[in-house]
Every structure is written in structure tokens, then in C-alpha cells.
Amino acid sequence: MKNLVKIKNKIGSFNQKISVTGDKSLSIRWVLFASLASGKSTAHNLLLSEDVLASINAVKKLGIKVKLKKNLCTIFGNGLDGYKYSKNLVINAKNSGTLGRLIAGLFVDSLHKIKIIGDKSLSKRDFSRISKPLKKFGANIDLKNKSLPLTILGTNNLKPIKYFEDRGSAQCKSSIIFAALKTPGKTFIKAKKSRNHTELLCKYLKLPVKVKNEKKYDIIKVDQAKKIKPLNYKIPSDISSSAFFIVLTALTKNSSLLINNVNINPSRIGIVKILKKMGVKILFKNKKKYKGELIADIYISGAKKLKSINCPTKWNSGAIDEFLIIFLVAAKAKGISYFKDLAELNQKESPRLRWGSKILNMMGIKTITTKNSIKIYGNPDLKINKKIIIKDYLKDHRVFMTSVIAGLSFGGEWHLYDKDSIKTSFPKFLNIINRFKK
Ligand code: S3P
């Protein structure tokens, strides 16, 4: 079976240096900003995954010229009002919540109806979280039972809004910022903390976006943008892709790893804070700033003893894509780990809180799971000696990659279906894994 991967052996100790591919959030945002810029933008090290390719296809359908040579991408923007398309346009966001939600914000002034569709997983996800604010701007939106397909018809009579984004969703916040950049007048957003790449890019591009950081929330004021200048960017590596190798190292005795040039934006490093508290040694080396983002090499060494954690909820949003892999560390830690206020995890590509719990149970780890929390009863001597088969999980890339790491760290025979799921965010994942199998 072409799409089946079998993991049969635990990995031995290693001392490695790796690079992972470009940050997905930044790659998608770069494509969208570049498509709105006046002139030619370039990106080096753009992530060439299905989510980003879907973003490129989307802007091409909007009449924007794109050239792709290896991972150097050039986009020829026609300005903020430069999208050209005919009636009945369909944009396929495939598996990407980020693309589907962010691009909708750019359609609040569309002249014709645009339909946004997605794959089976994306079609199960909540889009009312963006249709609500976008309707307040004046856009006409149809949505089937809160989910895709979404049809949007813009207006030339946009009104600025006041909005409280209380989920901590960067996708929702960014969709509103995009709509506000097209809207005359001042939009106010009070947003629960979440990744802030959109705001940092706006700042770098000198767009009229002001951010005041409060303890739990950010107050964001956005005025209409007149023009967006081209954006030449070198995409740093993705901490969410690095996370799998950080955990592989943490769980493998006498091992160490250096990951080059990773985006360590403070709103993304929840996993580092959590694992450090659990006893993993992680260091940031060669820290530098790049166009508003923080970048460093990450050094990890295998932990001798792992401690359980009562995870502070303030770290949740910074680790939202990493919980599945963090749960593996909790499985080996001494004591009961507790992760709470995590209802959003069940809103991802698959219901990840439920799935995380199921996988741990298959591994022989006891869990108590509610709608928004999980208790994990760790076992420092965990060794797996059975066959574990994982399929039918909505092809969630992070479920697949977490299962690979579980097999390599704890043993057992793992039959994992849908290897192709990694194309969503990390097509090179298995190539890098192979470098660890000496
Ligand atoms: C993302 C935001 C997060 C994250 C997703 C990427 C982004 O989603 O889970 O993988 O690039 O803005 P939410 O905003 O829905 O929490």
C-alpha cells in the first residue's frame, strides 16, 4: 500500500543538526500580502506544501501572476484593488483553515460572488467565526451550518467595526485585519492573545495598524490602507515542524539536536515553555531579529527525567498546534499531567483532543478526557510491544507525524495510513526522519 508507513524499530541515540522547512503561517501570509502589493515581491524558502500551493493557486485565480522556481517564489501584485476575476469564482482552500479564513477577509469588497470550498476536513470546521465579523463590515455571506462552502459578495459601502475576538484565533483576527485594511474608517479589535504574524507584517510594511498589548488581550486599531509595498522575505523555519524533532530528542536517551534558523516568535513558543517545565533542556542560540520576527537555532538534549505538568492556560495559544506531540512527553513523564481550557483543539484538522487521548490509550496510557481538558497518567518506563494501527483520522498531518514519533520513541509496530497527509504542512518530514535511522 503506497500510502502506508510501518514503524517497527525504536530509534537509537543521536547527535544531529537539521533544518526544517519554512513556516506555514508566514508562507501563507506572504502569498496574500504579496498578492495585494503594488509590484514584485519575492520569497526565499517558501514552504512548498499543499496549504501554501493552494494559496498560490487562489491568488492566481484572482488574476495575480506568480512564478515559482524551486522555493524562490515571485508574485507580481496589482495593488490593493488589483484582483481580476469573472463571475462564479470558486476558491479551493483544500485543507487550509488559514487560507480559507484569511482570504475571506479580502473579499469584503468583491464585485462578484466568490465561493470558498475545502476538503472533507476543512468542510467540517467552523467558519461562522469569520462570517460573523465580516458580515458586520457589510459583506453578504452564505454559509451552510456554520461550515463551508461559504459564498461571499462584497459591498462598496464597507463600515468599520468593533469586534471582540474571544477564542484566541489568529485566523479570525487576521481575517478581520485584512477586511479592515480595505475599509474606510477605524476598526477596533479586542483579541485574546494568539500568534501575531499578521500584525508584525503590517508593522514592517508600515500599514495603518496599531497594537496595544494588554495582559490577556491585544487592542488592535486598523485604518484603511492606501497601498502595500512589495515584500521581499526569507521565510524562517517552522517551529511547528521542528516540534516533532524536539520531542523525538526529548524522548531519546543520550541524544541532542540542533535545528537551524527557526522562527521563535514569542506567540509560538508554548511548546518550549511547556517542555522546559517538564525537564527538557532547550536553548535558543544565535538569536536575531528579521523583519519583526525573532529567529534562533534551537538546541535540545534528551531529558534524564521528565516531570508531569499542570499546564498554565496562558501557554495554550502559543502551543495550539503542538499539543498532540506534547502529549507524548506527558506519556513518559512521572505523574499526572493536566491540560485544560483546550476546546479549540477539537476544532482543528481533526478533533485532536479526542484523537490525542485515543492514541495514548492505544499506547497503554490512561487518560481522562472532557470536552476541553485531558489528564494524562504518565509512565516513565513506557515501552510498547504491540501492533498499533492508525487510520480514518481525517488525514490529519499532525496525527500522522505524532504517531511516527511515538513509534520511534516507544517501540511497538505501528501501521500508519495516509502518509500523504504530510504534504499539507511538511512534505519533507519522512526524508528528515530517515536521517535519524542510521
Ligand atoms: C494559524 C492559526 C491557528 C493554528 C493554525 C495556523 C495561523 O489556528 O492552529 O495551524 O496561521 O493563523 P486558529 O487561529 O484557528 O487558532
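What this report covers is the structure whose coordinates are included nearby. Bear in mind the structure is a predicted one, so any value in this text is a computation, not a measurement. (Residues numbered from 1 in each chain as written. Predicted model: local features only at pLDDT ≥ 70, side-chain atom pairs only at ≥ 80, totals over all residues. Heavy atoms only, no water.)

1. Examining the environment of D81
- Tracing the backbone through its elements, the reader meets D81 in the loop between strand 5 (72–78) and strand 6 (89–92).
- By relative accessible area, which is 68% here, D81 ends up exposed.
- Counting along the chain gives 296 residues from D81 to Y377, while the straight-line C-alpha distance between them is 54 Å.
- When residues no more than four places from it in sequence are discounted, the contact partners of D81 are D109 and K182. (Helix = DSSP H or I, 4+ residues; strand = E, 2+ residues; numbered from the N terminus. Buried < 20%, exposed > 50% of the residue type's maximum accessible area, 1.4 Å probe, protein only. Contact = heavy atoms within 4.5 Å.)

2. Some words on a nonpolar patch on the surface
- Judged by side-chain polarity, L48, L53 and L68 come together as a nonpolar surface patch covering roughly 210 Å² of accessible area.
- As for its placement among the helices and strands, L68 is situated in strand 4 (residues 65–69).
- Exposure remark for L68: the relative accessible area of 40% places this residue in the partly exposed category. (Patch = residues over 30% accessible without salt bridge, like charges linked within 9 Å, V, L, I, M, F, W, Y side chains within 5 Å. Areas by Shrake-Rupley, 256 points an atom, 1.4 Å probe, with all protein chains shown as cover. Salt bridge = Lys/Arg side-chain N within 4 Å of Asp/Glu carboxyl O.)

3. Some points on the site of the ligand
- Around the ligand, the surrounding shell consists of S25, R29, T98, R101, R129, S169, A170, Q171, R195, I320, D321 and K348.
- Between S169 and the ligand, the recorded distance is 2.9 Å, taken from a side-chain N or O atom to an oxygen atom.
- For the ligand, whose free accessible area comes to 380 Å², the fraction covered by protein is 96%.
- Looking at the shell around the ligand, the elements with two or more residues in it are helix 1 (24–36), helix 3 (97–105) and helix 5 (170–181).
- Looking at the shell around the ligand residue by residue, the class counts come to 2 nonpolar, 4 polar and 6 charged. (Near = heavy atom within 4 Å. Polar contact = N/O pair within 3.5 Å; in protein donor to acceptor, adjacent residues only side chain to side chain. Nonpolar A, V, L, I, M, F, W, Y, C, P; charged D, E, K, R; others polar.)

4. Digging into helix 7 (residues 239–250)
- Taking 1.5 Å of rise per residue, 12 residues should cover 16 Å, and helix 7 covers 15 Å from first to last C-alpha, within 8% of that figure.
- When we look at burial in helix 7, the residues that qualify are I239, S240, S241, S242, A243, F244, F245, I246, V247, L248, T249 and A250. (Expected span 1.5 Å × (residues − 1).)

5. Thoughts on the sheet that holds strand 5
- Strands sit in the order 4-5-3-14 across an open sheet of 4 strands; the sheet is mixed. The open sheet is flanked by strand 4 and strand 14 (233–234), the only strands paired with a single partner.
- Across the sheet, helix 2 (residues 50–61) is in contact with strand 4 and strand 5; its angle to strand 4 comes to roughly 145°. (Pairing = 2+ DSSP bridges. Axes fitted to C-alpha atoms, helices over the stretch in contact; angles between N-to-C directions.)

6. Description of the packing of aromatic side chains
- Tallying each qualifying case throughout the model produces 13 aromatic pairs.
- Chaining the aromatic ring pairs together yields one cluster made of F14, F244, F245, F426, F429 and F436.
- Sitting above the plane of the W355 ring, K358 keeps its charged end 4.8 Å from the centroid. (Phe/Tyr/Trp six-rings, centres within 6.5 Å; stacked < 30°, edge-to-face > 60°. Lys NZ or Arg CZ within 6 Å of the ring centre and 35° of its normal.)

7. Here's the deal with the pairing of strand 3 (residues 38–44)
- As defined by bridge partners, strand 3 adjoins strand 5 across 6 bridges and the pair is classed as antiparallel. Bridge pairing in strand 5 links G39 to G77.
- Bridge analysis of strand 3 against strand 14 gives 2 bridges, and the strand direction is parallel. Note that in strand 14 the partner of H44 across the bridge is K234.

8. A few points about the environment of N145
- Looking at the element boundaries, N145 is found in the loop between strand 8 (140–144) and strand 9 (147–153).
- Overall, the relative accessible area of 74% leaves N145 in the exposed class.
- Taking the C-alpha atoms as reference points, N145 and S128, 17 residues apart in sequence, are found 8.5 Å from one another.

9. Considerations on unusual backbone geometry
- Of note, the amide linkage connecting L148 to P149 takes the cis form, showing an omega dihedral of 5°.
- Tracing the backbone shows P149 in strand 9.
- One non-glycine residue, N254, lies in the positive phi region at around 50°.
- Structurally, N254 is set in the loop between helix 7 and strand 15 (256–263).
- One non-glycine residue, N261, lies in the positive phi region at around 55°.
- The topology assignment puts N261 in strand 15.

10. Some thoughts on helix 6 (residues 197–204)
- Burial runs high along helix 6: 6 of the 8 residues are buried.
- Inspection of helix 6 places H197, T198, E199, L200, L201 and C202 among the buried residues, and these make up the whole buried set.
- Following helix 6 by one or two positions, K206 has its phi on the positive side, about 55°.

11. A short note on the sheet that holds strand 19 (residues 366–369)
- Ordered by their spatial adjacency, 3 strands build an open sheet running 18-20-19, and the pairing between neighbours is antiparallel. The sheet terminates laterally at strand 18 (336–339) and strand 19, the two strands that pair on one side only. Averaged over all adjacent pairs, the angle separating strand axes in this sheet is 15°, with direction ignored.
- Sitting on the sheet, helix 9 (residues 323–332) is in contact with strand 18 and strand 20 (374–377), with an inclination near 160° to strand 18.
- Sheet strands touched by helix 10 (residues 352–362): strand 19 and strand 20. Its angle to strand 19, the strand with the most contacts, is close to 160°.

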